[in-house]
Amino acid sequence: VPQTVCYGLLLVIVVPLLVHRRAALAPIIANSKLLWLFMALAVASTLWAVDPAYVGRRLILFSAPVLMALYVVDRFDCGTAIRLKGWAYLLMIIASTALALLWPAVGVMHADPGVPIDLVEGSQLAGDWSGIVDHKNSLGFITLASAQVYAWRWSVEKEHRWFLGAALLLGMFVTYKTHSA
C-alpha cells in the first residue's frame, strides 16, 4: 500500500504536467498505439476482476510510470533522460545502502515464520538487503538498471569517469548484498 500511495502522488504531479504539455504530446500519443492498447487493456481488466480494488491499485502502479515516461520523453532529450534515470537509481541505491547499514531491522530482510525456510535449494531471504524497497529482488532490479546506465555512461562520457565507475561499483556491491538472481 505505501508504494501505491507514492505512485498515486506521482500521478497527482504528472497528470497536470501532461495536461499542460498536451499540444507537444499529441504526436507522441498519436504514434503510440500499442502503448495505449496496453493501457486500455489494463483499465478494462478492472471490469472482470474478482477484486477490482486490487486491480485498481495495480492500475495505479502500472499507469504512473508509463505516464511519467511519457512526460520524460516529451520534456528531455535521450541523453538527459538517461542521466536523470541514473541519478534516480543511484539515489535509491545510496538510500538503500544507508538504510541497510544504519537500520537493518528495516533495510535487511528477515526470516518470516510463515514462509518455508527452503525456498529454492536451501536459499533464505534472511540477511539479504532490500533497502528502501519492499523486496530484495526489487532492489536487485534497481541495481541492474543502474549498472546498465552507468556502464553505458562510463563508456561514452570521457569526463568524471571516476564518479561513473564508483557509481557502477556501488551498484554491483549492493547487487551482491541483495543476493538477487
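Residues numbered from 1 in each chain as written. Predicted model: local features only at pLDDT ≥ 70, side-chain atom pairs only at ≥ 80, totals over all residues. Heavy atoms only, no water.

Re helix α4 (residues 52-75)
The condition is simple: Comment: elements are numbered from the N terminus, with helices defined as DSSP H or I runs of at least four residues and strands as E runs of at least two. Given a helix with a known number of residues, its expected span is that number minus one, times 1.5 Å. Between buried and exposed lies partly exposed: a residue is buried under 20% and exposed over 50% of the maximum accessible area for its type, with that area taken using a 1.4 Å probe on protein chains only. Should any heavy atoms of two residues lie within 4.5 Å, those residues are counted as being in contact.
With 24 residues, α4 extends 34 Å between its outermost C-alpha atoms, agreeing within 8% with the 34 Å of an ideal straight helix rising 1.5 Å per residue. Of all the positions in α4, only Val55, Leu61, Ser63, Ala64, Val66, Leu67, Leu70, Tyr71, Val72 and Asp74 are classed as buried. Buried residues belonging to α4 abut α1 (2-20), α2 (22-30), α3 (33-48) and α5 (78-102).

Quick word on unusual backbone geometry
Positive phi is not limited to glycine here, since His160 has a value of about 65°. Its place among the elements puts His160 in the loop between α7 (136-156) and α8 (161-178). The phi dihedral of His179 falls on the positive side, at around 50°, and the residue is not glycine. Among the structural elements, His179 can be located in the segment after α8.

Regarding the nonpolar core
The test is simple: Take the buried Ala, Val, Leu, Ile, Met, Phe, Trp, Tyr and Cys residues and link them wherever side-chain atoms come within 4.5 Å; each set so joined is a nonpolar core.
Judged by nonpolar contacts, Tyr89, Ile93, Ala100, Val108, Trp129, Leu139, Ile142, Ala145 and Val174 together constitute the single largest core of nine residues. Those elements that provide at least two residues to this core are α5 and α7. Not counting the four nearest positions on each side in its chain, Trp129 is found in contact with Thr97, Ala100, Leu101, Gly107, Val108, Lys136, Leu139, Phe173, Val174, Lys177 and Thr178.

So, the pattern of salt bridges
Should the charged atoms of two oppositely charged side chains come close, the side chains can pair. We apply this condition: The term salt bridge refers to a side-chain nitrogen of Lys or Arg lying within 4 Å of a carboxyl oxygen of Asp or Glu.
Considering all chains together, one arrives at four salt bridges under this definition. Residues Asp74 and Arg21 are paired through a salt bridge, measuring 2.6 Å at the closest nitrogen-oxygen approach. Note that Asp74 is positioned in helix α4 and Arg21 in the loop between α1 and α2, a separation of 53 residues in sequence. Taking relative accessible area as the criterion, Asp74 reaches 16% and is therefore assigned buried.

What to know about the packing of α3 against α4
The line we're drawing: Only the contacting stretch of a helix is used when fitting its axis, a line to C-alpha atoms as for every element, and angles between N-to-C directions run 0 to 180 degrees. In these notes the angle categories are as follows: under 35 degrees is roughly parallel, over 145 is roughly antiparallel, 65 to 115 is roughly perpendicular, and the rest is oblique. Two helices that cross are described as forming a left-handed crossing if the nearer one is turned anticlockwise from the farther one by less than a right angle, and a right-handed crossing if clockwise.
Two numbers describe how α3 lies on α4: the axes approach to 8 Å, and their chain directions differ by 160°. Judged by the inter-axis angle, α3 sits roughly antiparallel to α4. The element α3 and its partner α4 pack so that their crossing is left-handed. Touching Leu35, Trp36, Phe38, Met39, Ala42, Val43, Ser45 and Thr46 of α3 are Pro52, Val55, Gly56, Leu59, Phe62, Ser63, Val66, Leu67 and Leu70, all from α4.

Re a nonpolar patch on the surface
For clarity, the threshold we go by: Candidate patch residues must exceed 30% relative accessible area and have no salt bridge, after which like charges are joined if within 9 Å and Val, Leu, Ile, Met, Phe, Trp or Tyr side chains if within 5 Å. In short, Shrake-Rupley with a 1.4 Å probe defines the accessible areas, and a residue's cover is counted only from the protein chains shown.
Side chains of Leu34, Leu37, Phe38, Leu41, Leu47, Trp48 and Phe62 sit close together on the surface and give an oily, nonpolar patch of about 820 Å² of accessible area. Tallying contributions element by element places α3 first for the nonpolar patch, with six residues. Leu47 gets classed as exposed once you look at its relative accessible area, which sits at 75%.

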